[in-house]
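# Structural characterization, general
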Amino acid sequence: MALPSPPSAASAPASAGERWPPLESSPEVFNQFMWSLGVPEDEAEFHDVYGLDADALDMVPQPVLAVILCFPDPPQDESYTSDLRLSYGEKETRDRVYFIKQIESLGNACGTIALIHAVGNSSSEINLVENSCLDLFFKSTASMDPSERALFLEKDDAMARAHSLAARSGVTELCDVVEEHYICFVAVNGTLTELDGMKDGPIKHGSSSSKSLLQDVVPVIKGIMHTIPDSINFNLMVLSRKQNCAGTTS
């Protein structure tokens, strides 16, 4: 069966790094990017998490729909890959989890992939603008496998343009050497799930819920930080439902 056709390709080819430059890990960049793709501004937004202690977590707006971690690219030696990278939890692919691979031709698209994972697994909580970039993307890729979704994203000019604009909106100067990587955590079907496009599939980390997601992910993040002890380049953000849409009052 023929796959749905993504938006037409641009006439001038670009390298993967030029087409998909790195995104700055900041709520300002991710919010403008997400809203431009079709998430209504009054429904959800990203926020910084300033620490992993209870007081810092209590400051985070609820409910939390997803958690995005930006952290130093782990070393790619054989021992790390076999002993640590796949040991954070039990790998498991579920039909209920929206997952997309990060292939080489997607360059530094891990930030966009983390955003797609965050929004794609919050579909019951977010009403996308009809016929927006994300709305069309999810509808077109719903029946695809993770690798097919990656190929579709790689050819999606509208998403690539939005990504490039977001990359250039940050205050950090773009550079050719990228040493950080984005992953996403969501609670799907009562399970804390890690979504990393560089891995073979979703990774299960035990039970969780929308109410406890942020607290549940803390031990996993501490475990990741423990494996990269010589760096302080960690940044944590959450995607939270706006309070007026969550039915809460001030």
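For every chain, the first residue of its written sequence is number 1, and the numbers climb from 1 along that sequence. With the structure being a predicted model, the display of local features is reserved for residues of pLDDT at least 70 and the display and counting of side-chain atom pairs for 80 or more, all residues being used for whole-chain, interface and lining totals. Here the side-chain values reflect all heavy atoms present in the structure, with hydrogen atoms and water set aside.

### What to know about the overall build of the chain
Summing up its helical and strand segments, the chain has 10 helices and 7 strands in all. A simple rule labels every residue: compare its accessible area, found with a 1.4 Å probe on the protein chains alone, to the largest value its type can have, and call it buried under 20%, exposed over 50%, or partly exposed in between. Across the 250 residues that make up the chain, the buried fraction comes to 49%. Contacts in the chain between residues far apart in sequence, at least 24 positions, make up 76% of those at least 6 positions apart. All accessibility values rest on the Shrake-Rupley procedure with a 1.4 Å probe; residue burial counts only the protein chains present in the view. Total accessible area on the chain stands at roughly 12300 Å², and carbon and sulfur atoms take up 51% of it. Helix numbers and strand numbers start at the N terminus; a helix is a DSSP run of H or I with at least 4 residues, a strand a run of E with at least 2. By the convention used here, residues are in contact when the closest approach between their heavy atoms is within 4.5 Å.

### A look at the confidence of the model for the chain
Per-residue confidence from the predictor is reported as pLDDT, which spans 0 to 100. Overall, the predicted model of the chain reaches an average pLDDT of 84, with 78% of residues at or above 70. Considering only residues more than four positions removed or in separate chains, one finds that residues 77–90, a stretch of pLDDT under 50, has 25 contacts.

### Focus: the side chain of Arg 241
The topology assignment puts Arg 241 in strand E7 (residues 235–241). Assessed through its relative accessible area of 12%, Arg 241 is described here as buried. In protein, a polar contact requires one atom able to donate a hydrogen and another able to accept it; more generally it is a pair of N or O atoms within 3.5 Å, and residues adjacent in sequence count only if both atoms are side-chain atoms. Side-chain polar atoms of Arg 241 contact the backbone oxygen of Glu 125, separated by 2.4 Å.

### Description of helix H5 (residues 110–120)
For H5, the buried fraction is high: 11 of the 11 residues fall into the buried class. Residues of H5 that are buried include every one of Cys 110, Gly 111, Thr 112, Ile 113, Ala 114, Leu 115, Ile 116, His 117, Ala 118, Val 119 and Gly 120, and no others.

### Examining the nonpolar core
In terms of nonpolar packing, the biggest core is built from 48 residues, with Ile 68, Leu 115, Ile 116, Leu 134, Leu 153 and Leu 239 touching the most fellow members. If you tally residues by element for this core, the top one is H5, at 7 residues. Once residues lying within four places of it in the same chain are set aside, the contact partners of Ile 116 are Tyr 98, Ile 100, Leu 134, Phe 137, Phe 138, Leu 153 and Met 159. Residues enter a nonpolar core if they are buried and are Ala, Val, Leu, Ile, Met, Phe, Trp, Tyr or Cys, with the set joined through side-chain atoms within 4.5 Å. Val 64, Val 218, Val 220 and Ile 221 belong to the second-largest nonpolar core, a separate cluster that totals 21 residues.

### Some words on helix H2 (residues 27–37)
Taking burial as the measure, the 11 residues of H2 include 8 buried ones, the bulk of the element. Of the residues making up H2, those classed as buried are Pro 27, Val 29, Phe 30, Asn 31, Phe 33, Met 34, Trp 35 and Leu 37. Remark: Gly 38 follows H2 within two positions and exhibits a positive phi of approximately 125 degrees.

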